[in-house]
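Understanding the architecture of this molecule
Spelled out, the chains give:
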Amino acid sequence: MQTNVVKQLNQKMQVVMQTARAQVLAKMGTHLTVAEKTSRRDLVTNVDHSNEDFLVRQIRALDPVAKILAEEGTGDQVTDMNGHVWIVDPIDGTMNFVHQRNHFAMMVGLYVDGKPTLGYIFDVMANKLYAGGPEVGVTLNGELLAAPADVDLSAGLFGASAPLLIQDRFNMQTIIAKSLGPRIMGSAGIQISQVLAGELVGYLSYLRPWDFAAGRVLAESLGLVVSRVDGNPVNMLSSGAVLIATKRAQRSILAIV
Ligand code: IPD
Ligand code: CA
Ligand code: CA
Ligand code: CA
């Protein structure tokens, strides 16, 4: 895609995200319909559905030939990353959305022939929109975001995931012991945004494509690294443990895992 086309799309998508946020905030004042998907810890609400419907419709209007992979199933069956592929998580941290009315995000990522191109993470209640990509830079609420310092694991806070920590998968407890301490938010989007902002040196969690699609675009644009726990590249159409970190923290973590 030409840079000016990416720039225009980036501006339009930021408007879409702002509209989506306003709609989600308005719905928070009304009765929520909450359903269990696979367990009592895996929830979906009417707002997840309505926001996904809205985002998918807006993306289709902006990019009619694109394929859209969306968590709640509104999009397409996407089997390869050829062409334009948008990946949508309408509410990330649904458990927080339901029980805290706080600490949840909306996320959208665009890949063109597999190349990370545009990403959006909107921390709805903090009103922080991280937006952009490798060609246009990354902004936080419209202001250019500087790349975070390349801080090592021993000098920073580490974004953990509760299941991996409890089960000590990937030597999570040793990783944390080496860091300044763990932080757990219950929203991949918010934890990844904290890595973007330099508040965490890394985040490791078992993630599905929509949990890290936007974050990967933004993180790599800021010189952070996104990989599997063996250091191999991530696959955007499969789920697994994903590490998003500074270069130095990644090196330390891969040596522990
Ligand atoms: C979940 C959150 C959570 C992470 C889970 C995700 P959802 O997303 O990001 O922090 O640990 O793996 O599934 O289902 O609320 O969009
Ligand atoms: Ca979910
Ligand atoms: Ca979700
Ligand atoms: Ca999610």
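Residues numbered from 1 in each chain as written. Chains lettered and ligands numbered in written order. Predicted model: local features only at pLDDT ≥ 70, side-chain atom pairs only at ≥ 80, totals over all residues.

1. Regarding the UniProt feature "binding site: Mg(2+)" (unreviewed entry) in the chain
With numbering matched to this structure, UniProt assigns "binding site: Mg(2+)" (unreviewed entry) to Glu71, Asp89, Ile91, Asp92 and Asp211. For the residues just named, distributed over 141 residues, the greatest C-alpha separation is only 10.0 Å, placing them together at one site. Relative to the assigned elements, isoleucine 91 resides in strand S4 (residues 84-92). Residue class for isoleucine 91 comes out buried when judged on the 28 C-beta atoms lying within 10 Å of it. If we ignore the near neighbours within four places in the chain, the residues touching isoleucine 91 are Val47, Asp48, Asn51, Phe97, Phe104 and Met106. (UniProt positions renumbered as here; feature names shortened; annotations may be inferred. Helix = DSSP H or I, 4+ residues; strand = E, 2+ residues; numbered from the N terminus. Buried ≥ 20, exposed ≤ 12 C-beta atoms within 10 Å, placed from the backbone. Contact = placed C-beta atoms within 7 Å.)

2. With respect to the sheet that holds strand S13 (residues 225-227)
Pairing is mixed in the open sheet, where five strands are placed in the order S11-S10-S12-S14-S13. The sheet is open, and its two borders are formed by strand S11 (181-183) and S13, each paired with just one other strand. Each adjacent strand pair in this sheet contributes to an overall mean axis angle of 20 degrees, direction not counted. Bridge analysis of strand S12 (residues 202-207) against strand S14 (residues 240-245) gives six bridges, and the strand direction is antiparallel. (Pairing = 2+ DSSP bridges. Axes fitted to C-alpha atoms, helices over the stretch in contact; angles between N-to-C directions.)

3. Examining the packing of helix H1 (residues 3-28) against helix H2 (residues 46-62)
Put simply, H1 and H2 touch, their axes get as near as 10 Å, and they point 160 degrees apart. With respect to their mutual orientation, H1 and H2 come out roughly antiparallel. Note on packing geometry: the crossing formed by H1 with H2 is right-handed. In this structure, H1 uses Leu9, Lys12, Val16, Ala20, Gln23, Val24 and Lys27 to contact H2, whose residues at the interface are Val47, Ser50, Asn51, Phe54, Leu55, Gln58 and Leu62. For the contact of H1 with H2, a count of residues per class yields eight nonpolar, four polar and two charged. (Parallel < 35°, antiparallel > 145°, perpendicular 65-115°, else oblique. Left-handed = near helix turned anticlockwise from the far one by under 90°. Nonpolar A, V, L, I, M, F, W, Y, C, P; charged D, E, K, R; others polar.)

4. Some thoughts on the sheet that holds strand S7 (residues 128-133)
Spatially, S3-S4-S5-S6-S7-S8-S9 is the arrangement adopted by the seven strands of the open sheet, whose pairing is mixed. Lying at the two open borders of the sheet, with one neighbouring strand each, are strand S3 (67-70) and strand S9 (143-144). Where S3 and S4 come together, four bridges link them in parallel fashion. Following the sheet pairing, isoleucine 68 is matched in S4 by tryptophan 86.

5. Description of the domain arrangement of the chain
Taken domain by domain, the chain holds domain 1 (3-144) and domain 2 (153-256). Centre-to-centre, using C-alpha coordinates, domain 1 lies 20 Å away from domain 2. Counting residues at the interface gives 31 residues for domain 1 and 23 residues for domain 2. Of all elements in the fold, only S4, helix H3 (94-99), strand S5 (105-112), strand S6 (115-123) and S7 reach the threshold of two or more residues within the side of domain 1 that touches domain 2. The biggest single contributor to the side of domain 1 that touches domain 2 is S6, with seven residues. When its residues are assigned to classes, the side of domain 1 that touches domain 2 shows 18 nonpolar, eight polar and five charged. (Domains from an automatic or database assignment.)

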